[in-house]
Protein chains: 2
Amino acid sequence: MRIGALEAGGTKMVVAIGNEQGEILDRLSIPTQTTETTMSQLTEYFKDNSIDALGIGCFGPIDLIRESATYGYITSTPKLPWRNYNIVGTFSEALQVPIGFDTDVNASAIGEATWGSAKDVKNSIYITIGTGVGVGVIIDGKPHHGMLHPEAGHILLAKHPKDTFKGTCPYHENCMEGLAAGPAIEARYGKKAYELAEQVEVWELEGYYIAQALVNYILTLSPQRIILGGGVMHQEQLMPIIHREVLRLLNGYIITPQLQDIENYIVLPKLNDNQGIMGCIKLALNEMR
Amino acid sequence: MRIGALEAGGTKMVVAIGNEQGEILDRLSIPTQTTETTMSQLTEYFKDNSIDALGIGCFGPIDLIRESATYGYITSTPKLPWRNYNIVGTFSEALQVPIGFDTDVNASAIGEATWGSAKDVKNSIYITIGTGVGVGVIIDGKPHHGMLHPEAGHILLAKHPKDTFKGTCPYHENCMEGLAAGPAIEARYGKKAYELAEQVEVWELEGYYIAQALVNYILTLSPQRIILGGGVMHQEQLMPIIHREVLRLLNGYIITPQLQDIENYIVLPKLNDNQGIMGCIKLALNEMR
Ligand SMILES: Nc1ncnc2c1ncn2[C@@H]1O[C@H](COP(=O)(O)OP(=O)(O)O)[C@@H](O)[C@H]1O
Ligand SMILES: Nc1ncnc2c1ncn2[C@@H]1O[C@H](COP(=O)(O)OP(=O)(O)O)[C@@H](O)[C@H]1O
Ligand SMILES: [Zn+2]
Ligand SMILES: [Zn+2]
């Protein structure tokens, strides 16, 4: 079986062909341009590879409500050519195969939950801390949606008493993404994040904010494993700070075997930046049953 | 069919007999004493009524993991006689009927999701704001557990810049329960909450904290309806403040039909303080399938 996978991003599109084991047999990356140009390149690729199903992990916001008239659309994106664009419908007509569809971060969460760091549990979350902060939520083995889909990168946090930075989010004064995504680090200190590697206080503050968000996710979602990905997590000194701060902030209020073994509870991804595209393969497979 | 229901609290036990429609045919309340005294009274009541199944909504922490050796136990409660007590096992042996078991606030959430304010949606949350703050989470029609069960009453919040009160939670400096449960209001102002009814600033601050917590629950769980119960919500002036503050804090970041109709999104319970015991009936019914 040949499974098509598409990680649709605002700046680039990553496409791949995979199999039932999540193995990637071919891969291609193209820049995201107008819908006409880009969609015809993508359709051609999938046709040439005569795929049996397609899975899409898509930049948002998107409509995931199956009963909705605009299911499968990219909705109010600032990327104007793609606003209100029926991406699932267009592929469906052109390719005539089953199509799985979810957010980009849910795709990563599914990839890690199927073949990576969370494959032994039914409830996990995948958090990417990069240009933005995104949270994919797996509950009972399935990506969670609800009213919309979680947008937990924007939860409101308490500012650190010593942090005078205003945050970068145009919507919220003190949300996670605005205080702790890569661009927030860079705006706060006026340097690229990787250039700050040696400055201890940078990663102490970053670890504090990430931990505070994790505490709220733990108390609200009660995941059995938490996976932290994205560019900012390339700073290896962060993980021990996060472990320490999560336990300090929870302060013994809940006690579980997982929290007592926190190095195996809050972990890095296992799929080497393939979690997104592999999650798309799984999205396609789910649609074939 | 005769269904037994037990709302097990640290100070009182409410027992009832109900039917498949959630109707309550009989009800009794007894004080919570030692396990011996109280359990024999409860068992007698259920035996006299020859029940076909039992549902228990229990004070916590409790073990809800079916595979666990201590499934059905009350675990590390400060109520010493009940610590590490096998409540499900004891009833099961004495009554020989199927037993459903969940947290007290999940029982309320199930009650409202089955017969009350959330009966038309599959994903909802029930929040009680009283002596403490508890959150019951319904996902895809079922109470959500995960690693433990949500303890979202203790999520960390940003203090209001004008609020100098330290919070009442012994674990957390700035958690929802410590800043906004009934005892926090009473400690902050030195008066009973109902005596403060006319003081506008009390409910503005309370509404701000409740709204901030709701924003984080909305972004993390994406519920299709939110139900607010508990003693503090008896202050009718709170709901409009909460509606206004949720929209102000979200600041248009997510747009959904539900948020555009917020009076029907964030609502009061419909079951007149019967949501807990009715939820216990449903817990029992679930166990009979
Ligand atoms: N080695 C690094 N150390 C610290 N921060 C980094 C590193 N590499 C990338 N970042 C940060 O992560 C951001 C990019 O995130 P990334 O997850 O790689 O991409 P995206 O979120 O756009 O998919 C950059 O803006 C930068 O702030
Ligand atoms: N009419 C009221 N107005 C404001 N607050 C109230 C009112 N009634 C009760 N409360 C607050 O709610 C708390 C009790 O919460 P309640 O939900 O009734 O019980 P519990 O949480 O113990 O089950 C009290 O401590 C008080 O602070
Ligand atoms: Zn934000
Ligand atoms: Zn607390």
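Refer to the preceding data block for the structure.
Treat the numbers as computed from the prediction; the structure is a model and nothing was measured.

**Quick word on the site of ligand 1**
Residues and elements named next belong to chain A.
And step 1. Around ligand 1, a shell composed of Gly130, Thr131, Gly182, Glu186, Ala193, Tyr194, Gly230, Gly231, Val232, His234 and Gln235 is seen.
And step 2. Within the side chain of Glu186, one N or O atom sits 2.9 Å away from an oxygen atom of ligand 1.
And step 3. Separating a nitrogen atom of ligand 1 from a side-chain N or O atom of Gln235 is a distance of 2.7 Å.
And step 4. Calculation on ligand 1 without its partners gives an accessible area of 570 Å², and the protein chains cover 61% of this total.

**Describing the packing of aromatic side chains**
And step 1. Scanning the model with the defined rule gives 14 aromatic pairs over all chains in all.
And step 2. Judged by centre distance (6.0 Å) and plane angle (75°), the ring pair of Phe46(A) and Phe91(A) falls under edge-to-face. Taken as a pair, Phe46(A) in helix α1 (residues 35-48) and Phe91(A) in helix α2 (residues 87-95) lie far apart in primary sequence, 45 residues in all.
And step 3. Using a relative accessible area of 1% as the deciding quantity, one classes Phe46(A) as buried.
And step 4. Measuring from ring centre to ring centre gives 6.2 Å for Tyr71(B) and Phe101(B), while their planes differ by 85°; the resulting arrangement is edge-to-face. Pair noted here: Tyr71(B) is in the loop between β4 (53-58) and β5 (73-74) and Phe101(B) is in strand β7 (residues 99-103), with a separation of 30 residues, a long-range link.
And step 5. Site record: aromatic cluster; members linked through ring pairs are Tyr45(A), Phe46(A) and Phe91(A).

**Section: the pairing of strand β11 (residues 225-229) of chain B**
Residues and elements named next belong to chain B.
And step 1. In terms of residue burial, β11 counts as a mostly covered element, since five of its five residues are buried.
And step 2. The side-chain alternation of β11 yields two buried faces, one formed by Arg225, Ile227 and Gly229 and the other by Ile226 and Leu228.
And step 3. In terms of strand pairing, strand β8 (residues 124-129) meets β11 through five bridges, oriented parallel. By the bridge assignment for β11, Ile125 is matched with Ile226.
And step 4. The pairing of β11 with strand β12 (residues 266-267) spans two bridges and is classified as parallel.

**Focus: the coordination of the zinc ion (ligand 3)**
All names here are of chain A.
And step 1. Distances from the zinc ion (ligand 3) to its protein donors, His154 (ND1), Cys169 (SG), His172 (ND1) and Cys175 (SG), fall within 2.1 to 2.4 Å.
And step 2. Each of the four donor atoms around the zinc ion (ligand 3) contributes to a set of angles spanning 103 to 116°, which defines the coordination as tetrahedral.
And step 3. As a motif over one chain, the donors of the zinc ion (ligand 3) read H-x14-C-x2-H-x2-C. Across the pair, His172 and Cys169 agree in class, each one buried.

**A closer look at the coordination of the zinc ion (ligand 4)**
Residue and element names in this part refer to chain B.
And step 1. With distances of 2.1 to 2.4 Å, the protein atoms coordinating the zinc ion (ligand 4) are His154 (ND1), Cys169 (SG), His172 (ND1) and Cys175 (SG).
And step 2. The site at the zinc ion (ligand 4) holds four donor atoms, and with the angles between them running 103 to 116°, its shape is tetrahedral.
And step 3. Read N to C, the donor residues that coordinate the zinc ion (ligand 4) are spaced as H-x14-C-x2-H-x2-C. Here His154 is found in the loop between β10 (142-143) and α4 (176-180), whereas its partner His172 is found in the loop between β10 and α4, with 18 residues between them in sequence.
And step 4. Among the residues examined, His172 registers a relative accessible area of 4% and is labelled buried.

**What to know about the nonpolar core**
And step 1. Of all hydrophobic cores here, the largest spans 104 residues; its most connected members are Leu228(A) and Leu228(B).
And step 2. In contact with Leu228(B), not counting residues within four places along its chain, are Ile127(B), Ile129(B), Ile210(B), Leu214(B), Met233(B), Met239(B), Ile242(B), Ile266(B), Val267(B), Leu268(B) and Pro269(B).

**Overview of the sheet that holds β12(B)**
All names here are of chain B.
And step 1. The sheet built from five strands is open, its strands ordered β10-β9-β8-β11-β12 with mixed pairing. With partners counted over all chains shown, the strands left at the sheet margins are β10 and β12, one partner each.
And step 2. Each of β8, β9 (133-139), β10 and β11 is contacted by helix α3 (residues 104-115), which is oriented at about 50° to β9, the strand it contacts most.

**Considering the site of ligand 2**
Residue and element names in this part refer to chain B.
And step 1. The full set of residues close to ligand 2 is Gly130, Thr131, Gly182, Glu186, Ala193, Tyr194, Gly230, Gly231, Val232, His234 and Gln235.
And step 2. Measuring from an oxygen atom of ligand 2, one finds a side-chain N or O atom of Thr131 at 2.6 Å.
And step 3. In this structure, an oxygen atom belonging to ligand 2 sits 2.9 Å away from a side-chain N or O atom of Glu186.
And step 4. Protein coverage of the free-state accessible area of ligand 2, which is 560 Å², stands at 61%.
And step 5. Tallied by class, the residues present in the shell around ligand 2 amount to three nonpolar, seven polar and one charged.

**Digging into the environment of Gln212(B)**
And step 1. With respect to the secondary-structure elements, Gln212(B) resides in helix α6 (residues 200-221).
And step 2. Its relative accessible area of 1% is what places Gln212(B) among the buried residues.
And step 3. Taking the C-alpha atoms as reference points, Gln212(B) and Gly190(B), 22 residues apart in sequence, are found 24 Å from one another.
And step 4. Leave out the neighbours within four places in its chain, and Gln212(B) touches Leu156(A), Leu157(B), Ala158(B) and Leu249(B).

**Here we look at empty space enclosed by the protein**
Residue and element names in this part refer to chain A.
And step 1. Within this structure, the stated rule accounts for one cavity of 30 Å³ or more.
And step 2. Taken as a whole, the largest cavity spans an internal volume of roughly 30 Å³.
And step 3. If you trace the largest cavity, you find it lined by Leu179, Ile185, Arg188, Tyr189, Val202, Leu205, Glu206 and Tyr209.
And step 4. Counting only elements with at least two residues in the lining of the largest cavity, the list comes to α5 (182-189) and α6 (200-221).
And step 5. When residues of the lining of the largest cavity are assigned to their parent elements, the largest contribution, four residues, is made by α6.
And step 6. In terms of residue class, the lining of the largest cavity is built from six nonpolar, no polar and two charged.

**Details of the interface of chain A and chain B**
Interface size is commonly expressed as the accessible area that is lost once the parts come together.
And step 1. Tallying the contact residues gives 44 residues for chain A and 44 residues for chain B.
And step 2. Of the roughly 3,600 Å² buried between chain A and chain B, counting both surfaces, carbon and sulfur atoms make up 63%.
And step 3. Considering only the side of chain A, the residues that lose the most area to chain B are Met147(A), Thr220(A) and Tyr253(A), jointly responsible for 23% of the buried surface there.
And step 4. If you look at where chain A meets chain B, you find two salt bridges.
And step 5. Close ionic contact of Asp140(B) with Lys142(A) constitutes a salt bridge, the shortest N to O distance being 3.7 Å.
And step 6. For the interface between chain A and chain B, the tally reads 20 residue pairs in polar contact (both at pLDDT 80 or more).
And step 7. At the level of secondary structure, the elements contributing two or more residues to the side of chain A that touches chain B comprise β9 (133-139), α6 and α7 (238-250) of chain A.
And step 8. Top element by residues in the side of chain A that touches chain B is α6(A). It accounts for eight residues.

Rules used in this analysis
- Numbering of residues starts from 1 in each chain and follows the order in which that chain's sequence is written.
- The naming scheme follows written order: chains are lettered A onward, ligands numbered 1 onward.
- Reporting of local features is limited, given that this is a predicted model, to residues whose pLDDT is at least 70; pairs of side-chain atoms are given and counted only at 80 or more, and all residues count toward the totals for whole chains, interfaces and linings.
- Note that water and hydrogens are dropped before the side-chain values are worked out from all heavy atoms of the structure.
- One heavy atom suffices: a residue is near a molecule or strand as soon as one of its heavy atoms comes within 4 Å of it.
- Side-chain atoms alone can form a polar contact between residues adjacent in sequence; in general such a contact is a pair of N or O atoms within 3.5 Å, and within protein one must be able to donate a hydrogen while the other accepts it.
- Note on areas: these come from Shrake-Rupley sampling with a 1.4 Å probe, and a residue is covered only by the protein chains present in the view.
- Within 6.5 Å between ring centres, the rings of Phe, Tyr and Trp (the latter by its six-membered ring) count as paired, and their orientation is classed by plane angle as stacked under 30 degrees, edge-to-face over 60, tilted in between.
- Think of it this way: any DSSP run of H or I at least four residues long counts as a helix, any run of E at least two long counts as a strand, and we number them from the N terminus.
- Per-residue accessibility, obtained with a 1.4 Å probe over protein chains only, is compared with the maximum for each type, and a residue is labelled buried under 20%, exposed over 50%, and partly exposed between these values.
- A pair of strands is considered paired only if DSSP assigns at least 2 bridges between the two.
- Any N, O or S atom lying within 2.8 Å of the metal counts as a donor, and for Na, K and Ca the limit rises to 3.2 Å; water is left out, so some sites can look incomplete.
- In these descriptions, tetrahedral denotes four donors with every angle between 85 and 135 degrees, square planar four donors and octahedral six donors with opposite donors over 155 degrees apart and the rest between 65 and 115, and irregular any other case.
- Joining through side-chain atoms within 4.5 Å is the link that ties buried Ala, Val, Leu, Ile, Met, Phe, Trp, Tyr and Cys residues into a set, and such a set is a nonpolar core.
- We call two residues contacting when some pair of their heavy atoms lies within 4.5 Å.
- Angles shown run from 0 to 180 degrees and are taken between the N-to-C directions of axes, each axis being a line fitted to C-alpha atoms and, for helices, limited to the stretch in contact.
- In this count, Pro and Cys sit with the nonpolar residues alongside Ala, Val, Leu, Ile, Met, Phe, Trp and Tyr, while Asp, Glu, Lys and Arg are called charged and the others, Gly among them, polar.
- Only protein atoms enter the calculation, which uses a 1 Å grid: trapped sets of points that fit a 1.4 Å probe without letting it out are cavities, open sets showing protein on both sides within 12 Å along at least five of seven lines are pockets, and any residue with an atom within 4 Å of a point is a lining residue.
- Grid points are joined across faces, edges and corners, and a volume is the space filled by probe spheres set on the points.
- Reported buried area values correspond to the accessible surface (1.4 Å probe) lost by two parts on association, with both partners' losses combined.
- For salt bridges, the criterion is a side-chain nitrogen of Lys or Arg within 4 Å of an Asp or Glu carboxyl oxygen.

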